[in-house]
Amino acid sequence: MSQKRLLSDTEIHIILHRLACQLLENHLDFSNTVLIGIQPRGIYLANRLAKLLQQDYKVHNIKLGSLDITFYRDDFRRGDKILAANQTKIDFLVENKKVVFVDDVLYTGRSIRAALTAVQSFGRPKEIELLTLIDRRFSRHLPIQPNYRGRQVDAINEEKVKVMWKENDGEDAVYLVSR
């Protein structure tokens, strides 16, 4: 197994600032916008973006939540591996709000499809956008595209994209892992 570093901590930092600026351009004061990190790994990116928007860009009314999609997945109970649920924390209504889903890697699109179903439990959003750090563009099973992407990666065959976060993994980096 070999791995190639695609993004360093410095490059991730630059991308996060660019994504924060793009969100600001489209949502200005965030009074009608909510950020929802998709569990388990999208929440790290959502927390980082919310922190950047608050501290560096002085946006003070950001609503941030996390959404567990485990029981909404189309592969739930289909494999031998037992899926463990994560915590959903959405302490606001999404009714008539602009929802920005945040996830680390967009691969097949199935997680986003599950998130679209799961968020309906919290109201009917006015609009839904997708922000992802890594877009694996040649791997889609569903016609889902991000509105905001950090980097596009062309991973093929058995290659896997691994996103590392300081909070969980001890470093900020993105690797392309080959078997």
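Residues numbered from 1 in each chain as written. Predicted model: local features only at pLDDT ≥ 70, side-chain atom pairs only at ≥ 80, totals over all residues. Heavy atoms only, no water.

Q: Help me get a handle on the overall build of the protein chain, residues and values and all.
A: On a plain count of helices and strands, the protein chain comes out with four helices and eight strands. Mapped in sequence order, the helices and strands of the protein chain form the string β-α-β-α-β-β-α-β-β-β-α-β. The C-alpha radius of gyration of the protein chain comes to 16 Å, within 12% of the 16 Å expected for a compact globule of 179 residues. Taken over the C-alpha atoms alone, the protein chain extends approximately 45 × 40 × 30 Å along its principal axes. With 179 residues in all, the protein chain has 48% of them scored as buried. Put simply, of all contacts in the protein chain between residues at least 6 apart along the chain, 70% involve residues at least 24 apart. Accessible surface computed for the protein chain: about 9700 Å², of which carbon and sulfur atoms make up 47%. Positive and negative side-chain charges of the protein chain, numbering 28 and 23 respectively, have mean locations separated by a distance of 2 Å. (Helix = DSSP H or I, 4+ residues; strand = E, 2+ residues; numbered from the N terminus. Rg over C-alpha atoms; globule rule 2.2 N^0.38 Å. Buried < 20%, exposed > 50% of the residue type's maximum accessible area, 1.4 Å probe, protein only. Contact = heavy atoms within 4.5 Å. Areas by Shrake-Rupley, 256 points an atom, 1.4 Å probe, with all protein chains shown as cover. Lys, Arg positive; Asp, Glu negative; His and termini not counted. Charge placed at Lys NZ, Arg CZ, Asp CG, Glu CD.)

Q: Which residues make up the sheet that holds strand β3 (residues 63-67), and what are the values?
A: Strand pairs in the sheet, formed through backbone hydrogen bonds, run parallel or antiparallel to each other. The strand order across the open sheet built from five strands is β3-β2-β4-β5-β6, with neighbouring strands paired in parallel fashion. Each edge of the sheet is formed by a strand with only one pairing partner; in this case those strands are β3 and β6 (148-153). When strand polarity is set aside, the average angle formed by the axes of neighbouring strands in this sheet is 25°. Docked against the sheet, helix α1 (residues 9-27) engages β2 (33-38), β4 (98-106), β5 (127-136) and β6, running at close to 140° with respect to β6. Its contacts with the sheet put helix α3 (residues 110-118) on β2, β3, β4 and β5, and the angle it makes with β4 is roughly 155°. (Pairing = 2+ DSSP bridges. Axes fitted to C-alpha atoms, helices over the stretch in contact; angles between N-to-C directions.)

Q: Account for the sheet that holds strand β7 (residues 160-164), naming residues and giving values.
A: What the three strands build is an open sheet, ordered β1-β8-β7; its pairing is antiparallel. Two strands in the sheet have a free side with no partner beyond their single neighbour: β1 (2-7) and β7. Neighbour-to-neighbour, the strand axes of the sheet open up by a mean angle of 30°, direction not taken into account. In this sheet, strand β8 (residues 173-178) lies alongside β7 in antiparallel orientation, the contact comprising five bridges. Within β8, the position partnered with Lys162 by the bridge is Tyr175. Here α1 sits on the sheet in contact with β1 and β8, set at roughly 40° to β1.

Q: Describe the pattern of salt bridges, and please don't skip the residues or the numbers.
A: Counted under the stated rule, the structure contains nine salt bridges. Between Arg149 and Asp135 there is a salt bridge, with its nearest N and O atoms 2.9 Å apart. Of the two residues, Arg149 sits in strand β6 while Asp135 sits in strand β5, which places them 14 residues apart along the sequence. A salt bridge links Arg137 to Asp154; the nearest nitrogen and oxygen atoms lie 2.7 Å apart. Taken together, the residues span a long stretch of sequence, with Arg137 in the loop between β5 and β6 and Asp154 in the loop between β6 and β7 at a distance of 17 residues. Given a relative accessible area of 38%, Asp154 falls into the partly exposed group. Among the charged side chains, a salt-bridge network with shared partners connects Arg41, Asp104 and Asp169. (Salt bridge = Lys/Arg side-chain N within 4 Å of Asp/Glu carboxyl O.)

Q: Talk me through the pairing of β5; I want residue IDs and the actual numbers.
A: Across the 10 residues that make up β5, a large majority, eight, are buried. In this structure, β4 lies alongside β5, joined through eight bridges in parallel fashion. Each bridged residue has a counterpart across the sheet, and for Asp103 the counterpart in β5 is Thr132. The parallel pair β4 and β5, bridged by α3, forms a crossover whose chirality is right-handed. The sheet contact formed by β5 and β6 spans five bridges and is parallel. In the strand pairing of β6, Ile134 is matched with Arg151. (Right-handed = clockwise from strand over helix to strand, strands pointing away.)

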